[in-house]
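An overview of the molecular structure
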Amino acid sequence: MPTDRSARLLSGLLLGAGVAHFVVPRQFDAIVPRSLPGSPRTWTHLSGVAELAVGAAVALPATRRAGALTAAGLFAAVFPANVKMAYDWRHKPAPLRAAALARLPLQAPLIAWALHVARG
C-alpha cells in the first residue's frame, strides 16, 4: 500500500533527524532562535526527543494519524530555526547559502506529506 510506504519513509526521516540531534547536536544548537529561553542544547535535545516520539507514532498504525498530524505541526514549529539558519548563513559560500535558503520552502512539502500520511 503506498500510504504505508510513505508513512515508513516519513517515520524514518523523523527518527533519523531525532537521532542526529543527539549525535551531532552542535549543528542544531546553532540554529536555535536566540529568543527562546534557556540553553540551545536543551532545545536541541527537546526537539530531538519530539522527533523521535513523533517518528515512532507515525511508524505504528494505531497512532499513525495522530503522529502524522503532530509531524505537520512539528515541521511548522521548526520553521523559525530554518529562518535563523538562512539569515546566519547569508555570508557563507554560495552552496551553503543555497542549502540554507532551500530549507525554507522545503517545509511546505514536508507539512503536506505529513498531512497526506494522516489522511491515509
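Please refer to the structure placed before this passage.
A few points on the structure. (Residues numbered from 1 in each chain as written. Predicted model: local features only at pLDDT ≥ 70, side-chain atom pairs only at ≥ 80, totals over all residues. Heavy atoms only, no water.)

1. Focus: the pattern of salt bridges
- What the rule picks out here adds up to 3 salt bridges.
- Ionic pairing is found between Arg 41 and Asp 29, a salt bridge with its closest N-O pair at 2.6 Å. On the criterion of sequence distance, the pair formed by Arg 41 in helix α3 (residues 40–59) and Asp 29 in helix α2 (residues 25–29) is long-range, its members being 12 residues apart.
- With a relative accessible area of 31%, Arg 41 lands in the partly exposed category. (Salt bridge = Lys/Arg side-chain N within 4 Å of Asp/Glu carboxyl O. Helix = DSSP H or I, 4+ residues; strand = E, 2+ residues; numbered from the N terminus. Buried < 20%, exposed > 50% of the residue type's maximum accessible area, 1.4 Å probe, protein only.)

2. Some words on the nonpolar core
- Among the nonpolar cores identified, the biggest contains 14 residues, and Leu 10, Leu 14, Val 58 and Phe 75 are the most heavily contacted of them.
- Among the secondary structure elements, those contributing two or more residues to this core are α1 (2–23), α3, α4 (64–77) and α6 (94–119).
- Ranked by the residues each element gives to this core, the list is headed by α4, at 5 residues.
- Aside from chain neighbours lying at most four places away, what touches Leu 14 is Glu 51, Leu 52, Val 54, Gly 55, Val 58, Ala 71, Leu 74 and Phe 75.
- Grouped together as the second largest cluster of nonpolar side chains are 5 residues, Ala 81, Met 85, Ala 86 and Ala 100 included. (Core = buried A, V, L, I, M, F, W, Y, C linked by side-chain atoms within 4.5 Å. Contact = heavy atoms within 4.5 Å.)

3. Digging into the layout of surface pockets
- For the largest pocket, the calculated volume is near 750 Å³.
- Taken together, 28 residues make up the lining of the largest pocket; nearest its centre are His 21, Phe 28, Glu 51, Val 78 and Arg 103.
- Residues of the lining of the largest pocket, tallied by class, amount to 21 nonpolar, 5 polar and 2 charged. (1 Å grid on protein atoms, 1.4 Å probe; cavity = no way out; pocket = protein on both sides within 12 Å on 5 of 7 lines; lining within 4 Å. Points joined across faces, edges and corners; volume = space filled by probe spheres on them. Nonpolar A, V, L, I, M, F, W, Y, C, P; charged D, E, K, R; others polar.)

4. Considering the packing of α4 against α6
- With their axes 8 Å apart at the nearest point, α4 and α6 run at an angle of 165 degrees to one another. Regarding the angle of α4 to α6, the classification is roughly antiparallel. Judged by the twist between their axes, the crossing of α4 over α6 is left-handed. Contacts from Arg 64, Arg 65, Ala 68, Leu 69, Ala 71, Ala 72, Phe 75 and Ala 76 of α4 reach α6 at Gln 107, Leu 110, Ile 111, Ala 114, Leu 115, Val 117 and Ala 118.
- Looking at side-chain class alone, the contact of α4 with α6 contains 12 nonpolar, 1 polar and 2 charged residues. (Axes fitted to C-alpha atoms, helices over the stretch in contact; angles between N-to-C directions. Parallel < 35°, antiparallel > 145°, perpendicular 65-115°, else oblique. Left-handed = near helix turned anticlockwise from the far one by under 90°.)

5. Considerations on the environment of Phe 79
- You can see Phe 79 is positioned in helix α5 (residues 79–88).
- When the C-alpha positions of Phe 79 and Leu 106 are compared, they lie 9.7 Å apart, and in sequence the two are 27 residues distant.
- Setting aside chain neighbours within four positions, we find Phe 79 in contact with Leu 104 and Gln 107.

6. Quick notes on the packing of aromatic side chains
- Under the defined criterion, the tally for this structure stands at 0 aromatic pairs.
- Above the ring of Tyr 87, the side-chain terminus of Arg 90 is found at 3.7 Å from the ring centroid.
- Here the guanidinium or amino end of Lys 92 rests over the ring plane of Trp 89, the centre of that ring lying 5.3 Å away. (Phe/Tyr/Trp six-rings, centres within 6.5 Å; stacked < 30°, edge-to-face > 60°. Lys NZ or Arg CZ within 6 Å of the ring centre and 35° of its normal.)

7. Quick word on a nonpolar patch on the surface
- The grouping of Val 19, Val 23 and Val 24 at the surface amounts to a nonpolar patch, some 250 Å² of accessible area in total.
- Looking at the secondary structure, you find Val 23 in helix α1.
- Judged by its relative accessible area of 60%, Val 23 falls in the exposed class. (Patch = residues over 30% accessible without salt bridge, like charges linked within 9 Å, V, L, I, M, F, W, Y side chains within 5 Å. Areas by Shrake-Rupley, 256 points an atom, 1.4 Å probe, with all protein chains shown as cover.)

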